[in-house]
Amino acid sequence: MKKYDAIVIGAGNGGLVAAIRILQKGKSVLVLEKHNAPGGFATSFKRGRFEFEASLHELNDFGPADNPGDVRTLFRELGVEDKIDWTYGTEAYRAISLDGKYDATVMLGKENYKKSLLRYCPGCEKYIDNFFDLSEEIRRAQAYTASVNGKTDKEYMKKNFPNFIRCGSYSVNEVFRSMGMPDKLRDIMNAYWCYLGAHCDDLSFIHYCSMVYRYVTKNAYMPKMRSHEISCALDERIRELGGEIWYNTPATGIVTDEKGEITGVRISDGTVIGTRKIVANCSPHVVYGQLMSPDAVPEAALKNANARKFAGRGFCMFLGLNKSPEELGITNHSYFIYDTLDSVKQYEMMKKIETNDCQATCCLNSVIPDCSPEGTTMLYFTTLYMSDDWAKVKPEDYVKTKNFVANRMIDVFEKATGAKIRDSIEEISVATPMTYARYCGHPEGTIYGYESQYWDGLMPRLQMMNEEVYVKGLRFAGGYSMRLSGYSSAYNSGDIVGRQTAGELVREDN
Amino acid sequence: MAYNFKRQIFGFMDMLRFVKLVPKRREIFAETPATPLPASYKVNETAKFLHPGKQFVKIDKITEHSSDVKTFVFVPDGEKTARLAPFRAGQYITVTANVGASRVTRAYTLGSSPKDALERNFYSVTVKAAGILSDYLCTQAKVGDVLEISEPSGDFCYEPLRDKKNVVAVAGGVGITSLLSMAKAAHEGSEDYDMTFFYCVPSAKEILFKDELDAMVGDRFKVVYVVEKGDLPGCEKGLFSSDLVKKYAKVPFTLFMCGPDGMYAFVRKEIECFSPEIKDVHASPNGIADRKVEEKKTFKLTVKMRDKVYEVPCRNDETLLVAMERAGITAPSKCRAGGCGVCRSKLLSGEYTAAPGRDKRRLADFKFGWIHPCCVYPDSDVSLDVPQG
């Protein structure tokens, strides 16, 4: 049987990009995917006359062709930018708190972002300007760090990016408090937090601010044919470059030799496919706990995995409605509905099925008007569970529990927005942590990888990524890796480990 | 002037804190025990139980309704499968068997109730001999035989958030099973709706499960036998009609129907007077059959599957999936009705025609050349990259 220079386990966003990066260096790649389609969560599915987006709310850091963000630049380098039809939205979100305190619609673009925030927080210009200043310096510091492949010069950093370093160890709330920002402005600006899945006492400011600033300056991009279009484009590019993807083929084992080096990957029929390098687009918990034989797992890898905390477990409801957004009273693209805009309190409430009324809800028609037939609307509602509460749900209560949460999500949405959707449901589909566990194999149905706790945030992960290669030739892409979760982050992680793996192969072969 | 951030009195203390991020994280790793990681997780175990993929069952009982219609009761084989996956009334399973040199898979709706699976650990399906696998099951399968089946699948189910409290069920012929299961689900309390059940048959002798249906009649369940020819005490003579709905059912209602495609068209026409919305009408999809062609031809179908390549003949009146199965290739499939996407394969070359109205591919699959072989007929030699089944 043919041997491959590298095997990618999992055709998720990170795995697909990593495969292209390795192929671009002329090395052979086989991608193994347990599901029958690419993308992992980046996919779509059909029900009746609707094709639902499975997970993408909007793509961060993409930007227009003449002012590209990092992700567009990456897609350009990968050769997939033009395989996808792009569109974009200019609304950041409408944040509503059920405690009646907030209902704020925030726009994208620096001027409009500021203008919309000032409607709710008059006189707060200077805080927003300071946030922009800080964000810009952080952006430049990150660009410099990437340009030297993480090998930064300490003095250069201190001289050029002192604010970056000074705020680099703090949480979102710590930085905003130090800036003297009024609570109301902070609460509205924090509303994106659920996209990163850690509350703002824990979440690294640098990480959060990078995301917000890139939305604000690069808009919210979407592929016209759902994220499945991006995933298919990446799949096609892999084929063009001579790579292979085997669907319906779960990796069941990683084989190492007596020196602990990678020699192959086992698939479900027992066959071992030879390789020297692995990019695992899955959880280290799965790789070290299930795919490798226990005696081949270095102690440091176990310590690392044991120290981490699983981030949010996913729940999503998809509705196809037989009326137009106007008829239903849906005016926005992206709704963040929280019990409270205090993210710390909200995070606590998200630990239990009974107490979680948080939802991030998107109306796809607001960005892609013809995404469903005329006179119809597609809505998808997402929430996270910050504990393993779904583990307590017995199989016989599963459908009932699903419907309980779905029903409540509809109530909350109608109450918060005034829209009327209940009587117009033509198609409904619900994904629970069990669904995510089934399709992607993540422990407990986690969709956000390891949580961005204060000590385990973006910066230290990036700085330590090389020392975390515990098994030579085995690297991780996707939400569990150094860029944390989210579409852009996953693509970026695939870029990083793909280039590192390709570099290692080139060095070994020369 | 650009903003200067500082949190502590001296900015260098903030810098120091940043520098310590990495040592602090290293320290946390160093202090964490190297205990083995879990081999499984509760949510994943529940997911595996709800969606096991394949299941292996033993035929426990065969009931003969007529020479060509039989009901099979499946129980776990006790080796590879211990407990059957739960399901929602209206769902189907696929059955796979080797028949001669072919490896054949077909979908059958479950006629047993959700509690039969959950509490009594069995499924039942009713099969009418009308094709390669149903002939095999009706003439050769015997009690004790072990079969490979899929997990329960399909969206032809009552959705409490979408559907009305009143359900009108229209069954034609053997198509009764999924609706029988829905009737049982309401009766046993695993689902919550009132049902008026119209059972339409050409003649009274074709009625199946009459005793079971009659035994469920009560406040929430009514059964009306609609017999085209002949007689049956208490039945309605003739065909299904809107008048019968007016006579027996409560409005507004959600319609569920299961039977041949011709029946669906007829019933849709009849209920037009109730002005139903699309969301109020659900039809259980039928498998895709051979197409009629003027001139029979046989093309070459090249199948790349993992690292193997197969060349097999493909008739122009059969789907690519059927051609693969006839040749013994383990191709993936499930609904066989163009919709579920399990057979999704990459077209490498060739011309094809999809069965009219059945091709439910995603938009990007059209764009990037992916097809569903279960609903596609060849118009030339065809080459495919097919995932392992």
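Parameters and conventions
- Residues numbered from 1 in each chain as written.
- Chains lettered and ligands numbered in written order.
- Predicted model: local features only at pLDDT ≥ 70, side-chain atom pairs only at ≥ 80, totals over all residues.
- Heavy atoms only, no water.
- Core = buried A, V, L, I, M, F, W, Y, C linked by side-chain atoms within 4.5 Å.
- Buried < 20%, exposed > 50% of the residue type's maximum accessible area, 1.4 Å probe, protein only.
- Contact = heavy atoms within 4.5 Å.
- Patch = residues over 30% accessible without salt bridge, like charges linked within 9 Å, V, L, I, M, F, W, Y side chains within 5 Å.
- Areas by Shrake-Rupley, 256 points an atom, 1.4 Å probe, with all protein chains shown as cover.
- Salt bridge = Lys/Arg side-chain N within 4 Å of Asp/Glu carboxyl O.
- Helix = DSSP H or I, 4+ residues; strand = E, 2+ residues; numbered from the N terminus.
- Domains from an automatic or database assignment.
- Pairing = 2+ DSSP bridges.

Details of the nonpolar core
With 132 residues, the main nonpolar core has Leu59, Phe75, Phe131, Phe164, Tyr192, Trp193 and Tyr491 of chain A as its most contacted residues. Apart from the residues within four sequence positions on either side, tyrosine 192 of chain A is in contact with Glu58, Ala92, Tyr93, Leu108, Tyr208, Met211, Val212, Tyr215 and Phe336 of chain A. The next biggest cluster of nonpolar side chains, apart from the first, holds 51 residues, and it includes Val170, Ala183, Leu244 and Val267 of chain B.

Some points on a nonpolar patch on the surface
Residue and element names in this part refer to chain B. Among the surface-exposed residues, Ile9, Phe10, Phe12 and Met13 lie close enough to one another that they form a single nonpolar patch of about 450 Å² accessible area. With respect to the helices and strands, the residue phenylalanine 12 is situated in helix α1 (residues 11-19). Its relative accessible area of 54% is what places phenylalanine 12 among the exposed residues.

Examining helix α3 (residues 42-50) of chain B
Note: α-helices contain 3.6 residues per turn, so residues at a spacing of three or four share the same orientation. Listing the buried residues of α3 of chain B in full gives Val43, Asn44, Thr46, Ala47, Phe49 and Leu50 of chain B. Along its buried surface, α3 of chain B packs onto α15 (398-417) and α16 (433-440) of chain A.

Observations concerning the pattern of salt bridges
Residues and elements named next belong to chain A. Counted by the stated rule, this structure contains 80 salt bridges over all chains. Glutamate 244 is the salt-bridge partner of lysine 2, the closest N and O atoms lying 3.7 Å from each other. Of this pair, lysine 2 sits in the segment before β1 (4-9) while glutamate 244 sits in strand β9 (residues 244-246), and the two are 242 residues apart along the sequence. Residue classification places lysine 2 among the partly exposed positions, given a relative accessible area of 47%. For glutamate 244, a relative accessible area of 16% corresponds to the buried category. Through salt bridges with shared partners, a single ionic network connects Asp5, Lys27, Arg276, Lys277, Lys472, Arg475, Glu504, Glu508 and Asp509.

Digging into the domain arrangement of chain B
When its domains are assigned, chain B resolves into domain 1 (46-150), domain 2 (166-283) and domain 3 (298-385). The C-alpha centroid of domain 3 of chain B is placed 35 Å from the C-alpha centroid of domain 2 of chain B.

Overview of the pairing of strand β19 (residues 382-385) of chain B
All names here are of chain B. Both faces of β19 are covered, namely the face carrying Val382 and Leu384 and the face carrying Ser383 and Asp385. Sheet topology places strand β15 (residues 345-349) next to β19; 3 bridges connect them, and they run antiparallel. Looking across to β19, one finds that lysine 346 is bridged to aspartate 385.

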